[in-house]
Amino acid sequence: MSVKYRLIQNKIKSSKNYGKYYAHTVKSGDVTLEEIERMIEQSCSAKASDVRMVVKELFDSVRHYLQAGYVVKLGDLGRFSISVKSVCVDDPRQFRADRHLNGFKCNYTPAGRRYKPGSGDLSHHIHRDLLDGCKAEEVSHG
């Protein structure tokens, strides 16, 4: 299996890459929680209903800690946190939460580790375990 992509031409005239082609991901579709439950059920001794119960409790616990201001680290899956969105003000004394806070965002960062110093071009990059074994395949234009 692989991630599918197709080449798309940049048609934004103000872009420095106008007219050039870039890879654009083509989604394979959606996977439901029920499908994941069945897959897990086939891989271990847990029943789909057990998986559903655990996922529900995980969701409730993650939401509790996120809304209490914690960064939630879920091992190899990665980290979740909540950040606030707000309008800019010129002077901090002008800021009013009821007027200037305008939402929240859930941040997700896949687990990873920095490459060792001296790894050449990779020394400033982070290895993401979720991407191990990932392959790409171009789809036809048809």
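You'll find the structure just up there.
Draft legend 1. Seen up close, the pattern of salt bridges. In total, this model carries six salt bridges according to the counting rule given. Among the ionic pairs, Asp-60 bridges to Lys-56, the shortest N-O distance being 2.7 Å. Note that Asp-60 and Lys-56 are positioned in helix 2 (residues 48–67) at a spacing of four residues, about one turn of the helix. The exposure class of Asp-60 is partly exposed, given its relative accessible area of 23%. Ionic pairing is found between Arg-63 and Asp-60, a salt bridge with its closest N-O pair at 3.4 Å.

Draft legend 2. Expanded view of the packing of helix 1 (residues 33–43) against helix 2. Close contact between helix 1 and helix 2 brings their axes to 8 Å; oriented N to C, the two are set at 125°. Looking at the two axes, helix 1 sits oblique to helix 2. As for the relative orientation of helix 1 and helix 2, their crossing is right-handed in sense. Counting all contacts with helix 1, which are made through Leu-33, Glu-37, Ile-40 and Glu-41, the residues of helix 2 involved are Ala-48, Val-51, Arg-52 and Val-55. Within the contact of helix 1 with helix 2, the residues separate by chemical class into five nonpolar, no polar and three charged.

Draft legend 3. Representation of the sheet that holds strand 3 (residues 72–73) within the structure. Pairing is antiparallel across the open sheet formed by three strands, whose spatial order is 3-4-5. Pairing within the sheet leaves two strands with one partner each, and these edge strands are strand 3 and strand 5 (101–109). Sitting on the sheet, helix 2 is in contact with strand 3 and strand 4 (79–86), with an inclination near 45° to strand 4.

So, how was this worked out
- Residues numbered from 1 in each chain as written.
- Predicted model: local features only at pLDDT ≥ 70, side-chain atom pairs only at ≥ 80, totals over all residues.
- Heavy atoms only, no water.
- Salt bridge = Lys/Arg side-chain N within 4 Å of Asp/Glu carboxyl O.
- Helix = DSSP H or I, 4+ residues; strand = E, 2+ residues; numbered from the N terminus.
- Buried < 20%, exposed > 50% of the residue type's maximum accessible area, 1.4 Å probe, protein only.
- Axes fitted to C-alpha atoms, helices over the stretch in contact; angles between N-to-C directions.
- Parallel < 35°, antiparallel > 145°, perpendicular 65-115°, else oblique.
- Left-handed = near helix turned anticlockwise from the far one by under 90°.
- Contact = heavy atoms within 4.5 Å.
- Nonpolar A, V, L, I, M, F, W, Y, C, P; charged D, E, K, R; others polar.
- Pairing = 2+ DSSP bridges.

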